[in-house]
Amino acid sequence: YDYQILCRQGEIIFWHSSVSYGLESFFHNAVYYPALNYDSWEETLFGSISRRLLPVQTVTVNGSAAQMLTYLFPVVDNTREKQVNAAIVFQVPKKTLDALFYAASMDGAGSVFLLDEAGNTLYSSDAQAPPPVLTGALSGKTGSWQAQESLYVYTKSAEHPLTFLVRLPQSVVLARLY
């Protein structure tokens, strides 16, 4: 994974055992999000006092592009009407998440998803998305159901507005049970 500490005032960036200056230059030359322009990236960093995850997307770090999930942790000045003065940003490669969730998908036979509170997919272990009709029905802290020859199991994070959803083929689950 990669991380940076970006300070709004003074436009100082701490990363890779070094210090950089200039947020816009950093955005265009060091850690670039092609899906965002500079203004929307800056607003994403400093526009909310809430911790957030950005969906897996292409991020170019020092010229190397990779699919990354981005975690944003705002540093809030509580003395100034909760203004965000800095952001700690972590980029986690999708391949790291794939390896982490491989066992949960029954060694790749199923799929693992991270969903935000609105049911939007932040991460998917494969190209398939969870059925939209099902994502809206995730009530309670944990649950499971069967549909379309698959078993779905989910749990909601106690710390973040995230739902971990696993889709497993019923045939694989039954084969492991018997």
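Each remark here, short or long, concerns the structure printed above.
Residues numbered from 1 in each chain as written. Predicted model: local features only at pLDDT ≥ 70, side-chain atom pairs only at ≥ 80, totals over all residues. Heavy atoms only, no water.

A few words now on the nonpolar core. Most often, soluble globular proteins keep nonpolar side chains buried together rather than apart. Leu-6, Phe-26, Val-31, Tyr-33, Trp-41 and Leu-45 are the most contacted members of the largest nonpolar core, which has 22 residues in total. For this core, the elements supplying multiple residues, two or more each, are strand E2 (12-15), helix H1 (23-29), helix H2 (38-46), strand E5 (52-61), strand E6 (64-77) and strand E7 (83-93). In terms of residue count, H2 provides more of this core than any other element does, four residues in total. Contact partners of Leu-6, with chain neighbours within four places excluded, come to Ile-12, Ile-13, Leu-23, Phe-26, Trp-41, Leu-45, Phe-46, Asn-85, Ala-86, Ala-87 and Val-89. One finds Leu-97, Val-112, Val-166 and Leu-168 within the second-largest nonpolar core, a separate group that totals 14 residues. (Core = buried A, V, L, I, M, F, W, Y, C linked by side-chain atoms within 4.5 Å. Buried < 20%, exposed > 50% of the residue type's maximum accessible area, 1.4 Å probe, protein only. Helix = DSSP H or I, 4+ residues; strand = E, 2+ residues; numbered from the N terminus. Contact = heavy atoms within 4.5 Å.)

Turning our eyes to something else, we now look at the packing of aromatic side chains. The full count for this structure, using the stated rule, is eight aromatic pairs. Aromatic pair Tyr-3 and Phe-90: ring centres 6.2 Å apart, planes at 35°, arrangement tilted. Here Tyr-3, found in strand E1 (residues 2-7), pairs with Phe-90, found in strand E7; they are 87 residues apart in sequence, far enough to count as distant. Relative accessible area serves as the criterion here: at 27%, Phe-90 is assigned to the partly exposed category. When the centroid spacing of 5.0 Å and the interplanar angle of 85° are considered together, the rings of Trp-15 and Phe-26 count as edge-to-face. Residue Trp-15 is found in strand E2, and its partner Phe-26 is found in helix H1; the two are separated by 11 residues along the sequence. (Phe/Tyr/Trp six-rings, centres within 6.5 Å; stacked < 30°, edge-to-face > 60°.)

Another aspect to go through is the side chain of Thr-70. For Thr-70, the position within the fold is in strand E6. Look at Thr-70 and you get buried, because its relative accessible area is 1%. Polar side-chain contacts of Thr-70 include one of 2.9 Å to the side chain of Tyr-33. Residue contacts for Thr-70: discarding those within four places in its chain leaves Tyr-33, Arg-52, Leu-53, Leu-54, Val-59, Val-89, Phe-90 and Gln-91. (Polar contact = N/O pair within 3.5 Å; in protein donor to acceptor, adjacent residues only side chain to side chain.)

A surface patch of nonpolar side chains, about 760 Å² in accessible area, is lined by Tyr-1, Tyr-3, Ile-5, Ile-12, Phe-14, Val-19 and Tyr-21. If you list the elements that add at least two residues to the nonpolar patch, you get E1, E2 and strand E3 (18-21). Looking at where Val-19 falls in the secondary structure, it is placed in strand E3. (Patch = residues over 30% accessible without salt bridge, like charges linked within 9 Å, V, L, I, M, F, W, Y side chains within 5 Å. Areas by Shrake-Rupley, 256 points an atom, 1.4 Å probe, with all protein chains shown as cover. Salt bridge = Lys/Arg side-chain N within 4 Å of Asp/Glu carboxyl O.)

As a further point, take H2. Listing the buried residues of H2 in full gives Tyr-38, Trp-41, Thr-44, Leu-45 and Phe-46. Where H2 begins, the capping side chain belongs to Asn-37, and its oxygen is found 3.1 Å from the backbone nitrogen of Asp-39.

Positive phi values are uncommon outside glycine, yet Glu-11 reaches one of about 50°. Here Glu-11 lies in the loop between E1 and E2. Overall, Glu-11 belongs to the partly exposed group, its relative accessible area being 31%. The phi angle at Asn-62 is positive, at roughly 50°, despite the residue not being glycine. The topology assignment puts Asn-62 in the loop between E5 and E6. The exposure class assigned to Asn-62 is partly exposed, which follows from its relative accessible area of 49%.

Interpretation in functional terms is not warranted from these geometric data alone.
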